[in-house]
Amino acid sequence: MAATSKRLEFLQKHTAAGSQDAFAWYGLAMEYRALDRHDEALATFEKLRELAPDYVPMYLMCGQMLEKLGRANEARAWLEAGLTAARSKNDMHALNEIEAALSALE
């Protein structure tokens, strides 16, 4: 747990300092997700989406988290946005993963 706390603390400081680094914001969202701090994870994913709407991995991870929480409509919205982002970046691997997640949701 100490490593997780240090990682969380580092990412919180880094992003609070005004970082525009998408990977740092994604890391923070994923850390919150791993700690079952879902509201903070969602808020962080939303902030990342504002900063870097083309950061494809967030859509799948946030969609899966929302599905796990029983929030299927929100999950679907994130996953569908992820399809658009993956297509625009021609990221076929992510596109396939997101399509599979959407299929499992329906």
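My aim in this report is to walk through the structure given alongside it, one point at a time. (Residues numbered from 1 in each chain as written. Predicted model: local features only at pLDDT ≥ 70, side-chain atom pairs only at ≥ 80, totals over all residues. Heavy atoms only, no water.)

This paragraph deals with the pattern of salt bridges. A side chain of one charge can pair with a side chain of the opposite charge when the charged atoms of the two come close. Scanning all chains against the criterion turns up four salt bridges. We note a salt bridge from Glu31 to Arg7, for which the minimum N-O separation is 2.8 Å. With Glu31 in helix H2 (residues 22–34) and Arg7 in helix H1 (residues 2–16), this pair connects stretches of sequence that are 24 residues apart. The partly exposed category is assigned to Arg7, whose relative accessible area is 42%. (Salt bridge = Lys/Arg side-chain N within 4 Å of Asp/Glu carboxyl O. Helix = DSSP H or I, 4+ residues; strand = E, 2+ residues; numbered from the N terminus. Buried < 20%, exposed > 50% of the residue type's maximum accessible area, 1.4 Å probe, protein only.)

Where H2 contacts helix H3 (residues 38–51), the axes come no closer than 7 Å and their chain directions differ by 165°. Here H2 lies roughly antiparallel to H3, going by the angle between them. Crossing geometry of H2 relative to H3 is assigned as left-handed. Taken together, the residues of H3 that come into contact with H2 (itself represented by Ala22, Trp25, Tyr26, Leu28, Ala29, Met30, Tyr32 and Arg33) are His38, Glu40, Ala41, Thr44, Phe45, Lys47, Leu48 and Leu51. Of the residues in the contact of H2 with H3, the class split is eleven nonpolar, two polar and three charged. (Axes fitted to C-alpha atoms, helices over the stretch in contact; angles between N-to-C directions. Parallel < 35°, antiparallel > 145°, perpendicular 65-115°, else oblique. Left-handed = near helix turned anticlockwise from the far one by under 90°. Contact = heavy atoms within 4.5 Å. Nonpolar A, V, L, I, M, F, W, Y, C, P; charged D, E, K, R; others polar.)

Now for H2. Counted at 1.5 Å a residue, the expected span for H2 with its 13 residues is 18 Å, and the 18 Å between its end C-alpha atoms agrees. Inspection of H2 places Ala22, Ala24, Trp25, Tyr26, Leu28, Ala29, Glu31 and Tyr32 among the buried residues, and these make up the whole buried set. In this structure Asp21 caps H2, since a side-chain oxygen of it lies 3.1 Å from the backbone nitrogen of Phe23. Of the residues flanking the end of H2, it is Asp36, one or two places downstream, whose phi is positive at about 60°. (Expected span 1.5 Å × (residues − 1). Polar contact = N/O pair within 3.5 Å; in protein donor to acceptor, adjacent residues only side chain to side chain.)

This brings us to unusual backbone geometry. Phi at Asp36 is positive, roughly 60°, even though this residue is not glycine. Tracing the chain through its elements places Asp36 in the loop between H2 and H3. Phi angles above zero are rare outside glycine, and Asn90 is one such case at about 55°. Considering the arrangement of structural elements, one finds Asn90 in the loop between helix H5 (72–88) and helix H6 (92–105).

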